[in-house]
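The lines below spell out each chain.
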Amino acid sequence: MSDVASGQSSGTEVALDRLDWPVRGLSPRARRVVFAYAEAMYADEDEKGAIVPASPAICERATAWLDHSVGRASSDLRRGFAVLTWLLEMMPLFVIGAFSRMSRLPIARRVGYLEALEQSQFGFFALLLVAFKVPTSVAVFEEGEELASTGFDRPSTTARRRLPVAPERAP
């Protein structure tokens, strides 16, 4: 995969499945938009109530998973996501009146932008948010601390469950 924030290849180009090819479906520009989206979508608050962006590992996992999924899809879907990422990047002017691209907004304004998309009266704006929210949430909440926050008791969704063994009774 690559480090989206710096645009550098991390040298770990591995397929998710040994029979699968590591393919890319998003351009570097689209990957930066998805990374910025993930920073805001999975942001948290600190003790003082200030918004803290999501960790780079979470953002990278969401971006890489969406990139790989779109890469294995049809060319029409790849072109569609190219348009959707462009719209997500350019819509702050029309949604919150900010003369800036979404990826250049401060994290608090980005979170506000995504909230405004979600609560918009225009169904297209909410649909634009859902197009990214559903596939990236799958990747974010499949492992690590995020999975544990959902109440799942194993380290990943593919880990085997360990059941407690009752002590043997003495005859």
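Rules behind the numbers
- Residues numbered from 1 in each chain as written.
- Predicted model: local features only at pLDDT ≥ 70, side-chain atom pairs only at ≥ 80, totals over all residues.
- Heavy atoms only, no water.
- Helix = DSSP H or I, 4+ residues; strand = E, 2+ residues; numbered from the N terminus.
- Buried < 20%, exposed > 50% of the residue type's maximum accessible area, 1.4 Å probe, protein only.
- Contact = heavy atoms within 4.5 Å.
- Areas by Shrake-Rupley, 256 points an atom, 1.4 Å probe, with all protein chains shown as cover.
- Polar contact = N/O pair within 3.5 Å; in protein donor to acceptor, adjacent residues only side chain to side chain.
- pLDDT = per-residue confidence, 0-100.
- Salt bridge = Lys/Arg side-chain N within 4 Å of Asp/Glu carboxyl O.
- Patch = residues over 30% accessible without salt bridge, like charges linked within 9 Å, V, L, I, M, F, W, Y side chains within 5 Å.
- Axes fitted to C-alpha atoms, helices over the stretch in contact; angles between N-to-C directions.
- Nonpolar A, V, L, I, M, F, W, Y, C, P; charged D, E, K, R; others polar.

Draft legend 1. Expanded view of the overall build of the chain. When you go through the chain residue by residue, the secondary structure sums to 7 helices and 4 strands. Put simply, the chain runs from its N terminus to its C terminus through helices and strands in the order β-β-α-β-β-α-α-α-α-α-α. Within the chain, buried positions represent 33% of all 171 residues. Residue pairs at least 24 apart in sequence account for 55% of intrachain contacts in the chain once pairs closer than 6 positions are excluded. In the form shown here, the chain has an accessible surface area of approximately 10900 Å², with 57% of it arising from carbon and sulfur atoms.

Draft legend 2. Looking closely at the environment of T136. Here T136 shows up in helix α6 (residues 123-140). Taking the C-alpha atoms as reference points, T136 and D67, 69 residues apart in sequence, are found 10.0 Å from one another. Not counting the four nearest positions on each side in its chain, T136 is found in contact with V34, Y37, Y42, A62 and L66. Within polar-contact distance, the side chain of T136 engages the side chain of Y42 at 2.7 Å.

Draft legend 3. Highlighting the side chain of T85. Positionally, T85 belongs in helix α3 (residues 75-90). Classification of T85 as buried rests on a relative accessible area of 0%. In terms of polar contacts, T85 uses its side chain to reach the side chain of R29, at 3.2 Å. Among residues more than four places away in sequence, those in contact with T85 are R29, A30, V33, V34 and F132.

Draft legend 4. Inspection of the confidence of the model for the chain at higher detail. Residues with a pLDDT of 70 or more make up 74% of the chain, whose mean pLDDT is 79. Every residue in residues 6-15 scores below 50 in pLDDT, and together they form 18 contacts with partners more than four places removed in sequence or on other chains.

Draft legend 5. Region of the structure containing the pattern of salt bridges. Applying the stated rule across the entire model yields 5 salt bridges. Two residues, E60 and R31, come together in a salt bridge whose shortest N-O distance is 3.5 Å. Here E60 is found in helix α2 (residues 56-71), whereas its partner R31 is found in helix α1 (residues 28-41), with 29 residues between them in sequence. One exposure class covers both E60 and R31, and it is buried. Between D76 and R79 there is a salt bridge, with its nearest N and O atoms 2.4 Å apart. Of this pair, D76 and R79 both sit in helix α3, separated by 3 residues, roughly a single helical turn. Using a relative accessible area of 54% as the deciding quantity, one classes D76 as exposed. Put simply, R31, E60 and D67 are held in one network by salt bridges that share partners.

Draft legend 6. Representation of a nonpolar patch on the surface in the model. Where nonpolar side chains cluster on the molecular surface, the patch consists of L93, F94 and F99 and spans about 400 Å² of accessible area. Summarising the element assignment, F99 is placed in the loop between α4 (92-95) and α5 (107-118).

Draft legend 7. Spotlight on the packing of α5 against α6. The geometry of α5 relative to α6 is characterised by a closest axis approach of 7 Å and an angle of 120° between their N-to-C directions. Packed against α5, whose contacting residues are L114, L117 and E118, the element α6 presents F125, A126, L129 and K133 at the interface. Of the residues contributing to the contact of α5 with α6, the split by class is 5 nonpolar, no polar and 2 charged.

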